[in-house]
Amino acid sequence: MYELNKFMAELERKNPAQPEFIQAAKEVLETVIDFVNENPRYVKEKILERITEPDRIFSFKVQWEDDKGELHVNKGHRVQFNNAIGPYKGGLRFHPSVTLGTLKFLGFEQIFKNSLTTLPMGGGKGGSDFNPKGKSDAEIKRFCRAFMSELQKYIGPETDVPAGDIGVGGREIGYMYGEYKKLRSENTGVLTGKGMNWGGSLIRPEATGYGSVYYADEMLKVQKDSMKGKRVAVSGFGNVAWGVCIKASELGAKVVAISGPDGYILDEAGVNTQKKWDYLLELRATNNDVVEPYAKEFGAKFFAGKKPWEVKVDMAFPCAFQNELNADDAKALIANGCKYVVETSNMGCTADAVIALQKAKVLFAPGKAANAGGVATSGLEMSQNGMKLSWPQEEVDNRLKHIMVAIHEAGLKYGKRADGYIDYVKGSNIAGFKKVADAMLDLGY
Ligand code: 2IT
């Protein structure tokens with residue numbers, strides 16, 4: 001029999017100074033431990049020890065020159081966490097806060113998220129402490145090439161397929177894919193999030209945001225409710241937040257708040273026109289990490305240094321960064337009558353925020369379920385690459401929708417409590433875990 005505290009103490013001893021990994025592991029383990037203990041085979045075969053240890057980690061030096069000819073050295077990593085159900089799959093994050101512990105947390109989440117997508121993808125994650133903020137296009141290109149010249153040794157279309165994450169979008173994927181093709185003389189879909197002219201999939205840029213709203217729509221349906229007329233707060237202004245703004249508006253909701261690292265925008269008219277959505281992409285492309293200019297452009301209010309969770313809304317979609325929504329933010333949302341929190345960033349809510357929300361019977365969708373549309377559509381990009389064809393937009397969008405419905409159903413199946421409340425965290429963790437654990441045992445991993 002596993003005992004949670006004892007297991008966590010040992011995991012912390014083995015993984016010192018990796019608080020985000022420990023947080024992510026604890027969130028999964030505390031919700032699956034009863035399920036594991038009820039299944040003697042999992043206990044006897046030490047499934048928790050096996051699933052919390054990455055298969056392997058590659059760490060490498062990334063050396064590049066800035067526009068003045070000055071040399072810089074960054075760290076690069078790829079965590080190949082678990083490939084029981086398919087090739088390692090997961091994004092690359094370029095952000096100054098990235099450590100190996102960050103990538104282990106993200107890689108661990110990715111295992112269960114990818115399992116939930118219904119597609120055969122294992123879990124991995126990579127990235128660098130490189131800071132794209134303020135870098136010129138030429139500097140981004142030199143960094144991406146240097147990064148890929150090392151990473152290419154460890155990846156392949158049937159072994160490990162990276163993609164974007166924070167700081168890595170279409171432009172960066174382009175430079176990295178270009179370098180990979182040069183070095184390997186291959187035209188395989190070894191990265192996803194590619195451009196449409198060179199092997200990408202329609203809907204991939206929108207997929208995380210659209211998927212999250214499709215998931216939210218399913219949560220609402222269970223409550224005999226709908227997105228129509230809902231006031232929504234969104235954090236972030238990257239392509240994830242952008243996708244949420246578009247799809248939420250299409251389904252009749254009104255996004256009244258978006259945010260950046262500099263503060264939040266209150267737009268009572270709603271972030272609901274093509275012009276505003278295009279402007280979000282323009283802002284993001286400046287690489288300046290500020291959302292304030294939106295206020296001047298569209299006559300909205302800007303609150304410097306504040307988070308959008310203080311706005312009175314029915315639904316909140318954190319779409320920016322891990323631990324961006326804490327217990328105080330949760331309290332503010334609850335006090336304002338918010339009924340749904342759809343975590344669209346990876347581990348966007350702190351553990352105590354999730355506890356507070358669930359205690360107040362706010363329906364909470366965990367990131368590994370709600371944001372899985374991004375990687376799911378990456379999986380669909382892999383399918384298209386494998387078949388050497390390109391599906392029309394409608395086909396990809398329909399498949400994405402079906403996948404999000406299936407992910408929601410899986411969470412519902414294992415998460416419905418006797419009092420009627422749906423614990424989507426527990427439900428999604430058990431559903432995601434079971435498939436991977438069973439595959440590991442079948443394969444003898
Ligand atoms: O967190 C994520 O799921 C992603 N950054 C997307 C990963 C992918 O392989 O598309």
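Structural notes, computed from the coordinates.

Definitions and cut-offs
- Residue positions are given per chain, counted from 1 along the sequence in the order it is written.
- Given that this is a predicted model, residues contribute local features only at a pLDDT of at least 70 and side-chain atom pairs are listed and counted only at 80 or more, while totals for whole chains, interfaces and linings are drawn from all residues.
- The basis for every side-chain value is the complete set of non-hydrogen atoms in the structure, without hydrogens or water.
- Axis lines are fitted to C-alpha atoms, over the contacting stretch for helices. Their N-to-C directions set the angle, which ranges from 0 to 180 degrees.
- Here a strand is any run of E in DSSP of at least two residues, a helix any run of H or I of at least four, and the numbering for each starts at the N terminus.
- Our angle categories are set so that under 35 degrees counts as roughly parallel, over 145 as roughly antiparallel, 65 to 115 as roughly perpendicular, and the remainder as oblique.
- Should any heavy atoms of two residues lie within 4.5 Å, those residues are counted as being in contact.
- Amino acid classes used here: Ala, Val, Leu, Ile, Met, Phe, Trp, Tyr, Cys and Pro are nonpolar; Asp, Glu, Lys and Arg are charged; the rest, including Gly, are polar.
- Strands pair, by our definition, only if DSSP identifies at least two bridges between them.
- In these notes, residues near a molecule or strand are those with any non-hydrogen atom within 4 Å of it.
- Residues adjacent in sequence count toward polar contacts only when both atoms are side-chain atoms; beyond that, a polar contact is any pair of N or O atoms within 3.5 Å, and within protein one must be able to donate a hydrogen and the other to accept it.
- Every accessible area reported is derived by Shrake-Rupley at a probe size of 1.4 Å, with residue values counting cover from the shown protein chains alone.
- Only protein atoms enter the 1 Å grid used here, on which a cavity is any set of points holding a 1.4 Å probe that cannot leave and a pocket is any open set flanked by protein within 12 Å on both sides along at least five of seven lines; residues with an atom within 4 Å of a point are listed as lining.
- Grid points are joined across faces, edges and corners, and a volume is the space filled by probe spheres set on the points.
- For every residue, the accessible area obtained with a 1.4 Å probe (protein chains only) is divided by the maximum for its type, and the residue is called buried under 20%, exposed over 50%, and partly exposed between those limits.
- Salt-bridge detection follows one rule: a side-chain nitrogen of Lys or Arg within 4 Å of a carboxyl oxygen of Asp or Glu.
- Centre distance within 6.5 Å is the pairing criterion for rings of Phe, Tyr and Trp, where only the six-membered ring of Trp is used; planes under 30 degrees apart are then read as stacked, over 60 as edge-to-face, and the remainder as tilted.

Next up on the list: the packing of helix α9 (residues 239–250) against helix α10 (residues 274–285). The contact between α9 and α10 brings their axes to 10 Å, and the two run at 175 degrees. In this view, α9 runs roughly antiparallel relative to α10, as classed from their interaxial angle. Packed against α9, whose contacting residues are Trp-242, Cys-245, Ile-246 and Ser-249, the element α10 presents Trp-277, Leu-280 and Leu-281 at the interface. Looking at side-chain class alone, the contact of α9 with α10 contains six nonpolar, one polar and no charged residues.

Time to look at the sheet that holds strand β3 (residues 88–94). The strand order β1-β2-β4-β3-β5 describes an open sheet built from five strands, whose pairing is mixed. Strand pairing shows two members of the sheet lacking a second neighbour, β1 (56–65) and β5 (160–163), which therefore form its edges. The average angle at which neighbouring strand axes cross in this sheet is 20 degrees, direction not considered. Note: strand β2 (residues 71–82) against strand β4 (residues 122–128), six bridges, orientation antiparallel. Each bridged residue has a counterpart across the sheet, and for Arg-78 the counterpart in β4 is Gly-126.

This part covers the site of the ligand. Around the ligand there are 13 residues in total, and Lys-89, Lys-113, Asp-165, Arg-204 and Ser-378 lie nearest to it. Separating an oxygen atom of the ligand from a side-chain N or O atom of Lys-125 is a distance of 3.1 Å. Residue Asn-346 places a side-chain N or O atom 3.0 Å away from an oxygen atom belonging to the ligand. Out of a free accessible area of 300 Å², the ligand has 93% covered by protein chains. Of all elements in the fold, only β3, α5 (100–116) and α15 (372–387) reach the threshold of two or more residues within the shell around the ligand. Looking at the shell around the ligand residue by residue, the classes come out as two nonpolar, six polar and five charged.

Turning next to the layout of surface pockets. The computed volume of the second largest pocket comes to approximately 440 Å³. Of all elements in the fold, only α7 (170–184) and α15 reach the threshold of two or more residues within the lining of the second largest pocket. Broken down by element, the lining of the second largest pocket gets its largest block of residues, five residues, from α15. Looking at the lining of the second largest pocket residue by residue, the classes come out as nine nonpolar, eight polar and four charged.

This brings us to unusual backbone geometry. In this structure, Ser-185 takes a positive phi of about 50 degrees despite not being glycine. Inspection of the secondary structure puts Ser-185 in the loop between α7 and α8 (204–222). Its relative accessible area of 67% is what places Ser-185 among the exposed residues.

Right, let's talk about the pattern of salt bridges for a bit. Applying the stated criterion across every chain yields a total of 27 salt bridges. In this structure, Arg-184 engages Glu-186 in a salt bridge whose closest nitrogen and oxygen atoms are separated by 3.8 Å. If you follow the salt bridges from partner to partner, you end up with Glu-27, Glu-109 and Lys-368 in one network.

Pairs of aromatic rings are described using the distance from one ring centre to the other and the angle between the two planes. Going through the model one piece at a time under the given rule, you end up with 26 aromatic pairs. Centre to centre, the rings of Phe-94 and Phe-143 are 5.1 Å apart; their planes meet at 85 degrees, and the pair counts as edge-to-face. Of the two residues, Phe-94 is situated in strand β3 and Phe-143 in helix α6 (residues 137–151); the sequence distance between them amounts to 49 residues. The pair formed by Phe-94 and Phe-143 is uniform in burial state, with each residue classed as buried.

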